[in-house]
Amino acid sequence: MHHVLPTTGSRIYHPSGHFGTVKYVGPLEGTTGPWLGVEWDDSTRGKHDGIKDGRRYFDCRVPHSGSFIRPSSSVCYGYPFLQALKNKYVEAVHGTASQEKIVLGSSNGSIQVEAVDLDKIRGKFSNLERLREASLDNEMVSTGNNRGEILSTCPNIRGLDLSATLVSSWDVVAMITTELHQLERLALNRNRLTPPTSHLPASAWLRLSELQLNGTWVSWEEFTSIAIRMPQLRIAELGYNGLTSLSHAKISTVLSRIEILNFDSNKLDDWQHISEALEPCTSLRRLVLSSNGIETIPSRESRPSHLQGLKILSLSNNKLHNSHDIDRLYEWCPDLETLSLAKNPLSEANDLSRSSRQQIIAKIPSLRVLDATAISTKERSDSELFYLSFVAKTMPGHDEDKMKEHPQWKRLCMKHGRPAESTADRDGRLSQYLIEVKVHQCSEPPRGLFIPEMEGGLIVSTSLRVLSTMKLGLFRLRLMKALGARKNPRNRDNICVWLRMGDDTLALLGNDDQELGWWGIENNSHIVVHIAAN
């Protein structure tokens, strides 16, 4: 069967469920008929780099992501923008009958129900002039339309999602967006776009303030060359792009206006390089660097900090392991208010596991939110007192020695008073903000009465010293460790905790995000624990 062959650079959607880019069209040595050389978006679908029998037919940007397929009518090459838009938002009218049967999508075709007046519902969506948010994610858009058609059909679109489509170049993107004069937000995630081949119209992205390019393998140089044409750009997402550096940027005034940059899940592991590369981004307030393999934050020394205006920073799921990285982070970002550090070895180290949150809070005085949890005035005070005591206990000697290891020492001493050096006084100060609770584990859940009246045998009783600002969820983990239960955060659901009230009845504690003090747990409180079998 004869098939119209695509051109090199075309995007395809294969019936196997994979997106790809045509990199070669023609014969293969030793075979008859045409072949398509395809670089797949999902590299696991590929078999080679465009080489067959020692001859190179095409190149792949991602290693081993290429293969050859035969042309087929089952391969999708996409639709014009307006066809995809109408397919999504304007179904064909099904006559004038007041009732019709529809198939429930989640039933795999096995359930049909009668619906009333669906045409009236469709009519509300058929007026595309009113459409402000259009999501064409996975709708196989491949090209624009004749000049003026998009403008006359849907002129009021503010937000457009063209993620995972068959658009092949920035020229095609511009062909569509030039006619969307109100466009402010554009998502192009999981596409593969070739750079512009011609002069783009100045009106393509005049009002665009947010651009998403996650999973596109776009380089920083390519991004900045496009961003030059976006004078209102404030937010840019460049996650999952395999970025190893931010070099060769097309420096432009637009970079000075960007306020939010998202580099989630790249390979930007050099903090100093990141700071230097983002020097033009003088308005940057939020930076996402989670899952980039960052191992250390170097000392700023006399180097200028181009990140000093940052208010929000995500460093979760990196490889930070030294508590001094936190001190140095504050040197670089003295105005930091919100910080994410979850899933770093830093927070899992044995010597910091109990107090890492308290130390981070004490080391960064500007911080208001840590790992999505707000820092109350009381938690800050308790954390700073805890940290002062920790420094006094672990670093005897002069203030100069303490300052080398703990830069916040003098500031915190001026704020809270210098902790006493003697062991007795030090323990006395600790007792001001550490509480001791009595823990009783039972073999059966209690029935509202306190020991010894409650039913169910007592297994063990012990004591724990904790901060009253500790969250109940973390307290459950501490209880499990103290009682010898298996270390698995998911087992937290199997542990029930009760507090002995003034009338000797027991109150079940439930909200893991509340602090112990909120529940009324104080020094010498009695806690009853039952750990259910998995």
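Along each chain, residues carry numbers from 1 onward, in the same order as the chain's sequence is written. Selection of residues for local features in this predicted model requires a pLDDT of at least 70, selection of side-chain atom pairs for listing and counting requires 80 or more, and totals for whole chains, interfaces and linings are taken over all residues. To obtain the side-chain values, all non-hydrogen atoms of the structure were used and water was disregarded.

The 4 strands are arranged E1-E2-E3-E6 in an open sheet whose pairing can be described as antiparallel. Across the chains shown, the open sheet's two edge strands, defined by having one partner strand only, are strand E1 (11–14) and strand E6 (66–69). Each neighbouring strand pair of the sheet contributes to a mean axis angle of 45 degrees, computed without reference to strand direction. Sheet analysis places strand E3 (residues 35–40) next to E6, joined by 4 bridges and oriented antiparallel. Looking at the pairing, glutamate 39 lines up with glycine 66 of E6. At least two DSSP bridges between two strands are required for those strands to pair. Each helix is a run of DSSP H or I of at least 4 residues and each strand a run of E of at least 2, with the numbering of both proceeding from the N terminus. Simply put, an axis is a line fit to the C-alpha atoms, just over the touching stretch for a helix, and the angle between two N-to-C directions goes from 0 to 180 degrees.

Attention now goes to the sheet that holds strand E18 (residues 312–314). Strand order in this open sheet of 11 strands is E10-E12-E13-E14-E15-E16-E17-E18-E19-E20-E21, and the pairing throughout is mixed. With one partner strand each, in any of the chains shown, strand E10 (133–135) and strand E21 (373–374) form the two edges of the open sheet. Relative to strand E15 (residues 235–237), strand E14 (residues 210–212) runs parallel, the two sharing 3 bridges. Paired with glutamine 212 across the bridge in E15 is glutamate 237.

Within the secondary structure, arginine 61 sits in the loop between strand E5 (55–56) and E6. Residue arginine 61 is classed as partly exposed on the basis of its relative accessible area, which comes to 49%. The spatial distance from the C-alpha of arginine 61 to the C-alpha of tryptophan 217 is 8.8 Å, given a sequence separation of 156 residues. Among residues more than four places away in sequence, those in contact with arginine 61 are Glu39, Trp217, Val218, Ser219 and Glu222. A distance of 2.4 Å separates a polar side-chain atom of arginine 61 from the backbone oxygen of tryptophan 217. Accessibility here uses a 1.4 Å probe with only protein chains present; expressed as a share of the type maximum, an area under 20% marks a residue as buried, one over 50% as exposed, and anything in between as partly exposed. By definition in these notes, contact holds between two residues if any of their heavy atoms fall within 4.5 Å. Nitrogen and oxygen atoms within 3.5 Å of one another constitute a polar contact, given that in protein one can donate a hydrogen and the other can accept it, and given that sequence-neighbouring residues count only through two side-chain atoms.

Among the residues of helix H1 (residues 81–89), Phe81, Leu82, Ala84, Leu85 and Tyr89 are the ones counted as buried. End-on view of H1: buried residues confined to an arc of 160 degrees, all on one side of the axis. Each direction from the helix axis to a C-beta atom contributes to the arc, which is the arc of those directions.

Within the secondary structure, aspartate 264 sits in the loop between strand E16 (260–262) and helix H6 (271–277). Buried aspartate 264, no salt bridge; nearest opposite-charge side chain is arginine 286, N-O distance 9.9 Å. Among the polar contacts listed, one links the side chain of aspartate 264 to the side chain of serine 290, at a separation of 2.8 Å. Residues contacting aspartate 264, with those up to four places away along its chain left out, are Gly239, Tyr240, Val288, Ser290, Ser291 and Asn292. In this tally Asp and Glu are treated as negative and Lys and Arg as positive; neither His nor the chain ends contributes. Salt bridge, as applied in this entry: a Lys or Arg side-chain nitrogen positioned within 4 Å of an Asp or Glu carboxyl oxygen.

In contact at an axis separation of 10 Å, helix H9 (residues 377–394) and helix H11 (residues 409–416) are set at 120 degrees when each is read in the N-to-C sense. As summarised for this structure, H9 and H11 are arranged oblique, according to the angle between their axes. Considering the relative orientation of H9 and H11, their crossing is left-handed. Seen from H9, the contacting residues are Arg380, Ser381, Glu384, Leu385, Tyr387, Leu388, Val391 and Ala392; seen from H11, they are Trp409, Arg411, Leu412, Cys413, Lys415 and His416. In the scheme used here, Gly and all other residues not listed as nonpolar or charged are polar, with Ala, Val, Leu, Ile, Met, Phe, Trp, Tyr, Cys and Pro taken as nonpolar and Asp, Glu, Lys and Arg as charged. For the contact of H9 with H11, the residue count by class is 8 nonpolar, 2 polar and 4 charged. Comment on the angle field: the value is read as roughly parallel under 35 degrees, roughly antiparallel over 145, roughly perpendicular from 65 to 115, and oblique elsewhere. In this scheme, a crossing is called left-handed if the near helix is turned counterclockwise away from the far one by less than a right angle; it is called right-handed if the turn is clockwise.

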